[in-house]
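Tertiary structure, described
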Amino acid sequence: MQKSNIEPQIATYLHAKGRRLGLPIAGNFELTARCNFNCPMCYVHLSDEQVRQQGGELTAQQWLQIAKDARDRGMIFALLTGGEPLVRRDFFEIYDGMKKLGILLSINSNGSLLRGEILERFLADPPSRFNISLYGGSNATYEKMCGRPVYAQVKENIRALRKAGVDVSLNLSITPYNLQDIEQIYRDAVELDVNVKASSYMYPSIRVNGEQYGSGNRLSAEEAAAAGVAWDAIRFSDEEFRQRAENMKNLVMNNPDGCPMEEGEGVRCRAGTTSFWMTWDGRMLPCGMMTEPVVRPLEVGFDAAWQQLREATAAIRTPKECTGCAYKEVCGACAAVCYTETGRFDGQPTYICRKTKETVRCTAQTLAEREKR
Amino acid sequence: MKIRKELIRREIAGDVILVPVGGTVLENNGLFALNELGAFLWDRLESVEDEETLVQAVLAEYEVDEATARTDTAQFLQKLREMEIL
């Protein structure tokens, strides 16, 4: 299995340049909220009926207009996501159109529809990468988690992509439904020779569940920490695990609790700085997990929307309490985490605080057990 | 000269980038960045018959001695051949 997923230098360079010049280098295009799976922790999924009731999806022409406007402002990377983007009958109208604009495309998919004619079209003109979510290590787990027993089919589809030389990366969401399968999923990744990006942290699905901040169909903070460490224990050799544990310990010990700053930090990632997220119904957000700040490029034009988004993102401040925390360098909290956990960008995400401390403790304990063996 | 790969030329804030499409994605999955001279040569590749014409174009455009123009042009074309772009 590929163990690293290092970004090409040119992408880092273009984002750095984009940050300096205020350019939208990357766009996330959430083409639909519909999906042929029905996963309990999904932050987007709506039924066909719900989509209709909420005004319907953007048309292919509208997506292509937004893509062209973004391309003209500098966008070179785009992620096509959903829902499941391949449920759109006009998917290839959008895909082919964006390719002709000179945009490097990657696709998020559950992998279940990547066969037959759809597969053939992708093999003739592949995206730069497929990010495929693997939800379990058996048909039974798939049925429990997604409502469809298609594990074997998905694996077969991934194998066909790999055989043709298409770049595939797996996304693994560790939840109460598939926790028991993570070793099998690791073995699958090794067999398929693909990288896995795993997370045991599930954002509260505030976009589909209203304002239910801090709740969701997910593991407890302590269970999520244990699951994350278990995944590390599976994928890392003894030496790699020891190094990871040492780094983690040093990052906490070298940054003891101190006085918090008067103001929290701003957004540290690319969201709203060199990247944007377009929802299926035409709203532009910094990140797909958030519900604000929101701007509408189809109403005000792309350039004005991008400018408004950048300004609103620059004003975001995360919790000031985090600035003095000993665990800040090993903590995965970001503006989207704070917002979905608390309803405020500057609200302290206690679920993450608990998960981080337990991750450090559990990593040290696992290291001690491995060294005893 | 014939470009054998499917590549779309983009300009992003002064950088010239080549984006692979079609079957080229399977062979060269990534972006190509051209420096100023690379972009100058790339834009003329398909309209010239031989390397000598490119060298003369470089000499006409840049204040550079002939030996440097020949070496730079040859290196660029060699790189494209190694990547089976040309």
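All values reported here derive from a predicted model rather than from experimental measurement. (Residues numbered from 1 in each chain as written. Chains lettered and ligands numbered in written order. Predicted model: local features only at pLDDT ≥ 70, side-chain atom pairs only at ≥ 80, totals over all residues.)

Brief notes about the overall build of chain B
Just so we agree on the cut-off: Only DSSP runs of H or I with at least four residues qualify as helices, and only runs of E with at least two residues qualify as strands; both kinds are numbered from the N terminus onward. This radius of gyration counts C-alpha atoms alone. The globule rule is 2.2 Å times how many residues there are, raised to the power 0.38. Here a residue counts as buried when 20 or more other C-beta atoms sit within 10 Å of its C-beta, as exposed when there are 12 or fewer, and as partly exposed otherwise, the C-beta atoms being derived from the backbone. Once C-beta atoms have been placed from the backbone, residue pairs whose C-beta atoms lie within 7 Å are recorded as contacts.
A tally of helices and strands in chain B yields 4 helices and 3 strands. When the elements of chain B are put in sequence order from the N terminus, they spell out β-β-α-β-α-α-α. Radius of gyration (C-alpha) of chain B: 13 Å, near the 12 Å computed for a compact globule of 86 residues. Counting only C-alpha atoms and orienting by the principal axes, one finds that chain B spans roughly 40 × 30 × 20 Å. Here chain B holds 86 residues, and the buried ones make up 21% of them. When contacts within chain B are restricted to residue pairs at least 6 apart in sequence, those whose partners lie at least 24 apart make up 27%.

Description of the sheet that holds strand β3 (residues 32-34) of chain B
Residues and elements named next belong to chain B. Our working definition: Each pair of strands is called paired provided DSSP finds at least two bridges between the two strands. Think of each axis as a best-fit line through the C-alpha atoms, taken over the contacting stretch in the case of a helix, with angles from 0 to 180 degrees between the N-to-C directions.
If you walk across this open sheet you meet the 3 strands as β1-β2-β3, and the pairing is antiparallel. Two strands lie at the open edges of the sheet, namely β1 (7-12) and β3, each paired on one side alone. Going across the sheet, the axis of each strand differs from the next one's by a mean of 30°, ignoring polarity. Bridge analysis of β1 against strand β2 (residues 15-20) gives 6 bridges, and the strand direction is antiparallel. Residue pairing across strands places Ile12 opposite Asp15, the latter belonging to β2.

So, unusual backbone geometry
Omega for the bond connecting A:Gly82 with A:Gly83 falls within 30 degrees of zero, at 20°, which places this linkage in the cis form. The omega torsion across A:Glu292 and A:Pro293 is -10°, close enough to zero to call that bond cis. Relative to the helices and strands, A:Pro293 resides in the loop between β8 (284-285) and α11 (297-300). Residue A:Asp193 is not a glycine yet carries a positive backbone phi of 55°. According to the C-beta neighbour criterion, A:Asp193 is exposed, with 10 such atoms within 10 Å. A positive phi angle, close to 55°, is found at B:Glu84, a residue other than glycine. Its place among the elements puts B:Glu84 in the segment after α4 (66-82). With 11 C-beta atoms packed within 10 Å, B:Glu84 lands in the exposed category.

Description of helix α7 (residues 151-163) of chain A
Every α-helix carries 3.6 residues per turn, so stepping three or four residues along brings you back to the same face. Residues and elements named next belong to chain A. Heads up, the condition is: By definition here, a helix of n residues has an expected span of 1.5 Å times n minus one. Arc definition: directions from the helix axis to the C-beta atoms.
Compared with an ideal rise of 1.5 Å per residue, which puts 13 residues at 18 Å, α7 spans 18 Å between its outermost C-alpha atoms and is within 8% of the ideal. Taken as a whole, α7 has its buried residues at Tyr151, Val154, Asn157, Ile158 and Leu161. Summarising the axial view, the buried residues of α7 lie within an arc of 130°, below the 170-degree limit, and thus occupy one face. Turned more than 90 degrees away from the buried face of α7, the exposed residues are Ala152 and Lys163. Against the buried residues of α7 lie α5 (116-124), β4 (129-133), α6 (139-146), β5 (168-173) and α8 (182-192).

With respect to the domain arrangement of chain A
Residues and elements named next belong to chain A. What counts is decided by this rule: An automatic or database domain assignment supplies the residue ranges for each domain. Three residue categories are used. Nonpolar comprises Ala, Val, Leu, Ile, Met, Phe, Trp, Tyr, Cys and Pro, charged comprises Asp, Glu, Lys and Arg, and polar comprises the others, including Gly.
Entries for chain A in the domain assignment read domain 1 (9-219 + 267-316) and domain 2 (220-266 + 317-373). The straight-line distance from the C-alpha centre of domain 1 to that of domain 2 is 26 Å. Tallying the contact residues gives 24 residues for domain 1 and 25 residues for domain 2. Considering each element in turn, the side of domain 1 that touches domain 2 owes the most residues, 3 residues, to α8. Of the residues that constitute the side of domain 1 that touches domain 2, the class distribution is 18 nonpolar, 2 polar and 4 charged.

Brief notes about the confidence of the model for chain B
Predicted coordinates in regions of low pLDDT should not be interpreted in detail. All names here are of chain B. Note the threshold: Every residue is assigned a pLDDT by the predictor, reflecting its confidence on a scale from 0 to 100.
Per-residue pLDDT for chain B has a mean of 93; in total, 100% of the residues score no lower than 70. Per-element mean pLDDT across chain B ranges from 86 in helix α1 (residues 24-27) up to 96 in helix α3 (residues 51-61). Interface scoring of the predicted complex returns ipTM 0.88; its pTM is 0.93.

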